[in-house]
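This is what each chain is made of:
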Amino acid sequence: MSEGEANGAGAPILVVEDLRVAYDTLAGPAMAVDGVSFSLKAGERLGLIGESGSGKTTMAMALLRLIRAPGRIVKGRVLLDGRDILTMSVGELREARLRDIALVPQGAMSSLNPVMLLEEQIADGILAHAPRTPRAELARRIEALLRGVGLDPSVARKYPHQLSGGMKQRAVMAIATSMRPRVIVADEPTSALDVVVQRQVMQTLGRLQGGLGAAVVLIGHDMGLIAQFADVVGVMYAGKLVELAPVEEIIAAPRHPYTRLLIDSLPSIAAKKRLIGIPGLPPRLVDLPPGCSFAARCPYAFARCRTETPSLQSTGGNRSAACHLYPEAQALPPLGAASGEARP
Amino acid sequence: MSGGLKGLRMKLAERRIGGVLILGLAILALIVLFSLVGPLFVDAHNAHVGAMTPRRPPSFDHWLGSDSQGRDMLTLLVYGTPNTLKMGLIAGIIGVGLGLVFGLVGGSLGGAIDTVIRVVADALLTVPAIAILVIIAGNLDRMSTNIMALVVASLSWMFTTRTIRAQVLSVRERAYIEVARANGESEWEILFREIMPNLMPFAVASFVGTVGSAILAVISLEALGLGALEETTLGNTIYWSQQSAAILRGYWWWWGPPIVVIALIFLGLFLTSVGFDRFANPRLANRA
């Protein structure tokens, strides 16, 4: 991405700098997002992947400044076209939400108000930004939005419980794109949908994004789904971004050991083999030990990993990884070369 | 023909409007109709003292006889029922209105305001309302049906407040509220456009309940002689029959009819309330 910038292919629309979000607990603050930085240009698709508790959803919420107590944004900047979302006034923030940056929430089932007609719910978002929209124009826009997500305009007069899961997710996307946002944050938009519907929903999201020329941050834990959709993949572990690279490169040759294990744990149709998980559990986010937070589970770990926290650094091309193997190593050495003791 | 009827029945079943709700509404409609149409058939002068021979049992000319002051009982019922209903409705509307406002404010703002509302509501709920109402009503110089309604309304808001507040606390944590916030809706828009519609079944249910208990409170005060005695109401009729020892003297047509009308009002309200509950709470609908 930094290369694209240098080529002058357009200024980034979304820049996240050293974002840190903590949840205050009795044992002390838990750093759910711990110094994440990245940038996105218009039309670019970033997939953020990580296991449960890696800070993905907290990250999505922080991009829209939706973090509520006991969570708090400790520091960092979220620049949307140069304006910092985290320091905007409440009025500016309300203006920016949906119009500039929109959320496709997790779990469409619970994201629609059960006692309101769909058309009312779509209208609410539009009216919050353009209160004087005439009725006829509103109806026309609602119809166009529903058609845009592949729904029949007649569902406007239905309640959420009259729609299937896939239809609800489409409806939620219609609402999210109603003000033509420039950044779409999609937080596991396909959770709780079956695989066929997942594919349709992702295609719809891709089509909408293409039409708007918007940047997308797609958050998920399904490597297959992310790999099909994203241009760039970011891997999160214990609140940190540990690897960032174009999708083909990260699949072909992961740089960070965690990414390698994540990809290795995917079932493959071509090569029948025993599935291996990643041994161990993610660390508690309160009182993290010094050093790399993945060290305890990492087959490549060496002494330095347990004392010094690695930061995200370039590993050649437009890729980067947070691992002490670099810059000495050119690529991740084959696993046999490492101790291998940790594997089952 | 039968197809249309079947369609209607299926529609009712689909919307879970059971026979209970229909029966309750029918009883209430009958009483309202009685209040509206009744005055066309009786002479208002017959409600005045000395209008006819006192203590007459029911006859063809005077269906419900007369009391010991010579008032026609049917005329008293026709003019008393709407007054009693009116007091119940006014007290119910004000009580539920206050309850909605307090519940919404407490539930959505929280903090010190919420604590004050909650503590006052809890404290008043533990004190028997009638004891406070007797003191208030007994110390007012002037009494009319409207003042009576206001007095009762002043203690009719606590239950609605608790119900609405609890619902606001629950609904405001739902995912779709967070999504509305993510879509740039203001806190006011969220409160009135997203949360409010979720409260309507509860508001309707507590309205029916509040009107019922308001009517009960009004009648209790009137039966104690604390009502607007110069006006015609069902409670006042009971008060006068007590004063004249109507039960001991066997004037059943004096104390009987107002009690039947009051019982019908309560039955109608109760059935409506149960019916609405099933309507608003689908989990109750299919329970045998």
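Residues numbered from 1 in each chain as written. Chains lettered and ligands numbered in written order. Predicted model: local features only at pLDDT ≥ 70, side-chain atom pairs only at ≥ 80, totals over all residues.

Here we look at the sheet that holds strand β8 (residues 215-220) of chain A
All names here are of chain A.
1) Next: In space, the eight strands of this open sheet follow the order β6-β7-β8-β3-β9-β10-β12-β11, with mixed pairing throughout. Whereas interior strands pair on both sides, the edge strands pair on one side only; in this sheet they are β6 (101-104) and β11 (313-314).
2) Next: Pairing analysis gives five bridges linking strand β7 (residues 183-187) to β8, with the strands arranged parallel. Looking at β8, one finds that A186 is bridged to L218. (Pairing = 2+ DSSP bridges. Helix = DSSP H or I, 4+ residues; strand = E, 2+ residues; numbered from the N terminus.)

Overview of the sheet that holds strand β5 (residues 83-84) of chain A
All names here are of chain A.
1) Next: Spatial ordering of the open sheet is given by β2-β1-β4-β5, a layout of four strands whose pairing is antiparallel. Both outer strands of the open sheet, β2 (28-41) and β5, are each paired with one neighbouring strand and no more.
2) Next: Alignment of strand β1 (residues 12-25) against β2, held across 11 bridges, turns out to be antiparallel. Paired with V21 across the two strands is V33, which belongs to β2.

What to know about the interface of chain A and chain B
1) Next: Counting residues at the interface gives 21 residues for chain A, matched by 17 residues for chain B.
2) Next: When residues of the side of chain A that touches chain B are traced back to their parent elements, those giving at least two are α3 (90-99) and α4 (118-129) of chain A.
3) Next: Among the elements that take part in the side of chain A that touches chain B, α3 of chain A stands out by supplying five residues, more than any other.
4) Next: The class makeup of the residues in the side of chain A that touches chain B is 10 nonpolar, six polar and five charged. (Contact = placed C-beta atoms within 7 Å. Nonpolar A, V, L, I, M, F, W, Y, C, P; charged D, E, K, R; others polar.)

Description of the pairing of β7 of chain A
Residues and elements named next belong to chain A.
1) Next: Burial analysis of β7 places five of its five residues in the buried class, which makes it a mostly covered element.
2) Next: Burial along β7 is two-sided: the face carrying V183, V185 and D187 and the face carrying I184 and A186 are both buried.
3) Next: For β6 and β7, the ladder comprises four bridges, and the chain directions are parallel. Of the residues in β7, the one forming a bridge with I101 is V183. (Buried ≥ 20, exposed ≤ 12 C-beta atoms within 10 Å, placed from the backbone.)

What about the confidence of the model for chain B?
1) Next: Here chain B shows a mean pLDDT of 86. Residues at 70 or above account for 91%.
2) Next: Interface scoring of the predicted complex returns ipTM 0.78; its pTM is 0.78. (pLDDT = per-residue confidence, 0-100.)

What to know about the confidence of the model for chain A
Interpreting fine coordinate detail is not advised for predicted regions of low pLDDT.
Residues and elements named next belong to chain A.
1) Next: When pLDDT is averaged across chain A, the result is 88; 95% of the residues are at 70 or more.
2) Next: Element-level pLDDT for chain A is lowest in helix α1 (residues 2-6), with a mean of 40, against a maximum mean of 95 in strand β3 (residues 45-49).
3) Next: Below pLDDT 50 for its whole length, residues 1-8 participates in eight contacts with residues either more than four positions away or in separate chains.
4) Next: This stretch, residues 338-344, has a pLDDT under 50; its non-local contacts, to residues over four places away or in other chains, come to 11 contacts.

Some remarks on the environment of D222 of chain A
All names here are of chain A.
1) Next: With respect to the helices, strands and loops of the structure, D222 is situated in the loop between β8 and α8 (223-229).
2) Next: The class for D222 is partly exposed, based on 17 C-beta atoms found within 10 Å.
3) Next: Distance in space between the C-alpha atoms of D222 and N113 is 28 Å, their sequence separation being 109 residues.

Here we look at the nonpolar core
1) Next: V185 and V217 of chain A together with V152 of chain B are the most contacted members of the largest nonpolar core, which totals 156 residues.
2) Next: When residues of this core are assigned to their parent elements, the largest contribution, 14 residues, is made by helix α9 (residues 187-223) of chain B.
3) Next: Setting aside anything within four residues of it in sequence, one finds V185 of chain A in contact with A60, L63, L64, I101, L103 and V217 of chain A. (Core = buried A, V, L, I, M, F, W, Y, C linked by C-beta atoms within 7 Å.)

A closer look at unusual backbone geometry
Residue and element names in this part refer to chain A.
1) Next: Of the consecutive residues A69 and P70, the connecting peptide bond is found in the cis state with omega at 5°.
2) Next: By the element assignment, P70 lies in the loop between α2 (56-63) and β4 (71-80).
3) Next: Residue P327 is reached from Y326 by a cis peptide bond, and omega for that bond is 5°.
4) Next: In this fold, P327 is placed in the segment after β12 (320-321).
5) Next: One non-glycine residue, R180, lies in the positive phi region at around 50°.
6) Next: Looking at the element boundaries, R180 is found in the loop between α6 (165-176) and β7.
7) Next: Among the residues examined, R180 registers 14 C-beta atoms within 10 Å and is labelled partly exposed.

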